[in-house]
Amino acid sequence: QVQLVESGGGLVQAGGSLRVSCTASGRTFMSRAMGWFRQAPGKERAFVATINFNGATTTYADSVKGRFTISRDNAKNTVYLQMNSLKPEDTAVYLCARAARRSSGTIYATDYDTWGQGTQVTVSS
């Protein structure tokens with residue numbers, strides 16, 4: 001069974017940067033798209049970014065476009081989210097997810113079948 005483990009969250013001041021990582025167990029990592037979502041207290045889970053199986057195609061939410069970069073290293077079974085110019089409204093638990101039977105990612109959480117436990121990112125003003 002595939003497991004996803006996020007790391008790298010923390011507390012950062014507004015305008016700062018942070019990189020979160022997600023490492024997967026299992027053999028199917030390199031054949032599946034991966035995504036990052038976030039969930040703030042009292043809010044629904046929201047799409048952040050997705051990357052296709054080989055890293056050639058990425059998609060971002062408008063709220064993070066130009067500030068966040070998703071990437072992957074299939075040799076390490078790891079997907080990254082580099083977050084720059086962070087804002088207080090970026091504060092949330094960040095979760096990575098594996099696409100279900102798809103090599104291209106989507107913005108819909110229902111298209112992902114495996115989720116990590118999440119890592120907290122807090123941006124202070």
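Placed above this text is the structure.
Residues numbered from 1 in each chain as written. Predicted model: local features only at pLDDT ≥ 70, side-chain atom pairs only at ≥ 80, totals over all residues. Heavy atoms only, no water.

K.L.:
Tell me about the overall build of the chain, and please be specific about residues and values.
P.N.:
Check the secondary structure of the chain and you find zero helices and 11 strands. When the helices and strands of the chain are placed in sequence order, the string is β-β-β-β-β-β-β-β-β-β-β. Here the chain has a C-alpha radius of gyration of 13 Å; the compact-globule value for 125 residues is 14 Å, and the two agree. Dimensions of the chain, computed from the C-alpha atoms along their principal axes, are close to 40 × 25 × 25 Å. When burial is assessed residue by residue, the chain has 46% of its 125 residues classed as buried. Long-range contacts, defined as pairs at least 24 residues apart, comprise 59% of the intrachain contacts of the chain with a sequence gap of at least 6. Carbon and sulfur atoms make up 47% of the accessible area of the chain, which amounts to about 6400 Å² in all. (Helix = DSSP H or I, 4+ residues; strand = E, 2+ residues; numbered from the N terminus. Rg over C-alpha atoms; globule rule 2.2 N^0.38 Å. Buried < 20%, exposed > 50% of the residue type's maximum accessible area, 1.4 Å probe, protein only. Contact = heavy atoms within 4.5 Å. Areas by Shrake-Rupley, 256 points an atom, 1.4 Å probe, with all protein chains shown as cover.)

K.L.:
Mind laying out the pattern of salt bridges, listing which residues take part and the relevant values?
P.N.:
Enumeration according to the criterion identifies five salt bridges in this entry. Here Lys65 makes a salt bridge to Asp62, at a shortest N to O gap of 3.1 Å. The same class applies to Lys65 as to Asp62, namely exposed. Measuring nitrogen to oxygen at the nearest pair gives 2.8 Å for the salt bridge that ties Arg67 to Asp90. Of the two residues, Arg67 sits in the loop between strand E6 (58-60) and strand E7 (68-73) while Asp90 sits in the loop between strand E8 (78-83) and strand E9 (92-99), which places them 23 residues apart along the sequence. Of the two residues, Arg67 and Asp90, both sit in the buried class. Among the charged side chains, a salt-bridge network with shared partners connects Arg32, Arg98 and Asp113. (Salt bridge = Lys/Arg side-chain N within 4 Å of Asp/Glu carboxyl O.)

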